[in-house]
Amino acid sequence: MVFNLKRRYYQFFAIQEIESSPVLQLLFYALSLSFFITFFGWVEKNFISISTYQNGLHVCPPYFPSCGEYLFLESLPYGYSQSAFYLLLFLALSYGVYAAYRKDWTSAHVVILSCLIWKVIVGFFFTYGLTGNFDYYDMALAFVWLFMREKEYFAKITFVFLYVLASSIKIDGGWIFANYFNSLFTGAPLFNHAILPFFTNIVIVMQMVGSWFLLSNRRLLQTAALTYFLLFHIYSGIIVNYRYIAISIPALFILFSQQGHFHIKRITRNTLLGYLFLLFLLAGQLTGILIPGDQKKTLEGNYYGMYMFEANHQCFSKATVYSTGNTEPIVLARENHVANNRCDPYRYWFPLKTKCMRDDSVARISWTFDHSINGEKYERIVDVEDVCVLEYRPFAHNEWIRTDNAQVLDTPIFKNGFAYDISPQIKVSPDLIKNEKLLENLVSGYWLLWILSILGACSAVLYATFKRQ
């Protein structure tokens, strides 16, 4: 019975493709490394601990607001269950590597499947904002590696498609004029402020169009694209450190370092799931784009797609809690001046809403939320009398988050730090580049290019499917 189960598992997940592909075998090790780094970073965090939920400090996804009721682990110093659970995952990953060494790819497959299931549960159902776009890379590639037919083919296309999707978040002044970096205290590594927009626009074009050349059968074009993206990720490692490049560089080199004959595959029974998965990724990206308002200010739908380096964020949150008795109101103030700590109104709203629901003494909570992106002036995008009556719609615009008529404030804005806050004694005004007419034209042109890039890929697949054999 066990043998039959293993054989059916082997056939159902097309593990013979892994056995016959050195690329897929190497990709296993890259995925294992990425999962290990993820769990190493999570083991000491209390985002999904029972005590965090009990203290009202958890933040659930907007489409699953009751997630805290399903948490079952406890982190130190209140319990050992989380440490023990991640120890089991570490042992599983270790066994997976041993199984791969022994060419037991069925067992290795089970290990990656277990890791992906847990990562999806934590990242998309137990928390909100815990995962970064680097996590999306290994989850997407792991999904392809686990479930697809034509695994190597779809691993390559998925990796390229993530570049194309990521380029959409750069279509604004933060990247076109490099104001994301111009509003950082350190600026961008190695490049002067005056010439930086030239290079940021190269990034946009290469992700939007140049990434497709990774699939080219012309050695010169494919090698040039591979060299560019390797240098791009190496450079990005100066800013974002190891986590992003730990999955991007190994996967990029494994998938594209060997020149091969790539051809677009027809839509068939074997490839349908792969193409549907790509449409799923596109739908996630379009969710944030199609929600009315400025996505980078409201962050509505932001986490459903690629969002890395979408904007340099600074914000102030001030909530005033009024009790039913005669006690003095309590002011809860928070602020953020770290560029990559996204000032998502939802993350600030959720704990306040939780307080309303749990504390019967709360009469109402008034709240203001001021947000600045890329060194621009602060805008008061939230100004409400009572948080307790508000609801949050996960896939639509929330009217209480202002977009077009937000109050522009005179609050001083200064350059900030990436990854860490800088000393409040350092007050340097941002060096922003502004040209509204030029920006408007470039934004329109880039959106057109992005749409054409995706339509071109879709057309190639449809042509391969319906052309005469």
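Check the entry above for the structure.
All of these numbers come straight from a predicted model, not from anything done at the bench.

S.K.: Just checking my understanding: could you explain the pattern of salt bridges for this structure?
M.R.: A pair can form between side chains of opposite charge whenever their charged atoms are brought close. A complete count under the given rule lists 15 salt bridges for this structure. For K6, the salt bridge is made with D104, and the minimal N-O distance between the two is 3.9 Å. Residue K6 is found in helix α1 (residues 2-12), and its partner D104 is found in the loop between α5 (81-101) and α6 (105-126); the two are separated by 98 residues along the sequence. On the basis of relative accessibility, which here comes to 22%, the residue D104 falls in the partly exposed class. D138 is paired through a salt bridge with K119; the nearest N and O atoms lie 2.7 Å apart. Residue D138 is found in helix α7 (residues 133-147), and its partner K119 is found in helix α6; the two are separated by 19 residues along the sequence. For D138, a relative accessible area of 0% puts it in the buried group. What you see here is one network of salt bridges that share partners, running through K119, D135, D138 and R243.

S.K.: Whenever I open this one, the packing of aromatic side chains confuses me. Can you help?
M.R.: Aromatic ring pairs are defined here through the distance separating the ring centres and the angle between the ring planes. Applying the stated criterion to the full structure yields 65 aromatic pairs. Taking 5.5 Å as the distance between ring centres and 85° as the angle between the ring planes, the aromatic pair formed by W447 and W450 counts as edge-to-face. Of this pair, W447 and W450 are both found in helix α17 (residues 436-466), three residues apart, which corresponds to roughly one turn of the helix. With a relative accessible area of 4%, W450 lands in the buried category. Across the ring face of Y153, the terminal group of K265 is positioned such that the distance to the ring centre comes to 5.5 Å. For the cation-ring pair, R364 lies above Y322, with the distance from its terminal atom to the ring centre recorded as 4.1 Å.

S.K.: Just checking my understanding: could you explain the packing of helix α3 (residues 22-42) against α5 for this structure?
M.R.: Each pair of packed helices gets described by two things: the angle between the helix axes and the distance between those axes. Look at α3 against α5: their axes get within 11 Å of each other, and the N-to-C directions meet at 165°. Between α3 and α5, the crossing angle belongs to the class labelled roughly antiparallel. For α3 against α5, the interelement crossing comes out left-handed. Every residue of α5 that contacts α3 at F28, Y29, S32, F35, F36, F39 and W42 is listed here: Q82, Y86, L89, F90, L93, G96, V97, A100 and Y101.

S.K.: How should helix α11 (residues 196-208) be read in this particular structure?
M.R.: Because an α-helix completes one turn every 3.6 residues, residues spaced three or four positions apart along the sequence face the same direction. Taking 1.5 Å as the rise per residue, α11 with 13 residues should run 18 Å; its terminal C-alpha atoms sit 19 Å apart, in good agreement. Taken together, the buried positions of α11 are occupied by L196, P197, T200, N201, V203, I204, Q207 and M208. Along the axis of α11, the buried residues cluster in a sector spanning 145°; they form a single face. For α11, the secondary structure elements touched by its buried residues are α8 (151-167), α9 (173-176), α10 (179-182), α12 (219-240) and α17.

S.K.: Honestly, the side chain of N201 in this entry has me stumped. Any pointers?
M.R.: Position of N201 among the secondary structure elements: in helix α11. N201 sits in the buried class, given a relative accessible area of 16%. Looking at N201, its side chain comes within polar contact range of the main-chain oxygen of I176, at 2.8 Å. Not counting the four nearest positions on each side in its chain, N201 is found in contact with W175, I176 and Y446.

S.K.: Where do I start with the environment of Y346 in this structure?
M.R.: Among the structural elements, Y346 can be located in helix α16 (residues 345-358). Its relative accessible area of 2% is what places Y346 among the buried residues. Between the C-alpha atoms of Y346 and T200, which are 146 residues apart in sequence, the distance is 30 Å. Leaving out residues up to four positions away in the same chain, Y346 has contacts with V59, C60, P61, P62, Y128 and Y392. Within the structure, the side chain of Y346 is placed 2.6 Å from the backbone oxygen of C60, a separation counted as a polar contact.

S.K.: Explanation requested: the sheet that holds strand β2 (residues 330-336) in the structure shown.
M.R.: Note: strands within a sheet are paired through backbone hydrogen bonds, in either parallel or antiparallel orientation. Within the open sheet, the five strands sit side by side as β2-β1-β3-β4-β5. Their pairing is antiparallel. Two strands close off the open sheet at either side, each with one partner strand: β2 and β5 (407-408). Looking at chain direction, strand β3 (residues 362-373) and strand β4 (residues 379-384) are connected through five bridges and run antiparallel. Paired with T368 across the two strands is D383, which belongs to β4. Relative to β3, α16 is tilted by about 175°, and along the sheet it contacts β1 (313-323), β2, β3 and β4.

S.K.: What should I look at first to understand a nonpolar patch on the surface in this one?
M.R.: Taken together, the side chains of L33, F36, F40, L87, L88, F90 and L91 present a nonpolar region at the surface, about 700 Å² in accessible area. For the nonpolar patch, the secondary structure elements donating two or more residues are α3 and α5. Broken down by element, the nonpolar patch gets its largest block of residues, four residues, from α5.

Rules and cut-offs
Residues numbered from 1 in each chain as written. Predicted model: local features only at pLDDT ≥ 70, side-chain atom pairs only at ≥ 80, totals over all residues. Heavy atoms only, no water. Salt bridge = Lys/Arg side-chain N within 4 Å of Asp/Glu carboxyl O. Helix = DSSP H or I, 4+ residues; strand = E, 2+ residues; numbered from the N terminus. Buried < 20%, exposed > 50% of the residue type's maximum accessible area, 1.4 Å probe, protein only. Phe/Tyr/Trp six-rings, centres within 6.5 Å; stacked < 30°, edge-to-face > 60°. Lys NZ or Arg CZ within 6 Å of the ring centre and 35° of its normal. Axes fitted to C-alpha atoms, helices over the stretch in contact; angles between N-to-C directions. Parallel < 35°, antiparallel > 145°, perpendicular 65-115°, else oblique. Left-handed = near helix turned anticlockwise from the far one by under 90°. Contact = heavy atoms within 4.5 Å. Expected span 1.5 Å × (residues − 1). Arc of directions from axis to C-beta. Polar contact = N/O pair within 3.5 Å; in protein donor to acceptor, adjacent residues only side chain to side chain. Pairing = 2+ DSSP bridges. Patch = residues over 30% accessible without salt bridge, like charges linked within 9 Å, V, L, I, M, F, W, Y side chains within 5 Å. Areas by Shrake-Rupley, 256 points an atom, 1.4 Å probe, with all protein chains shown as cover.

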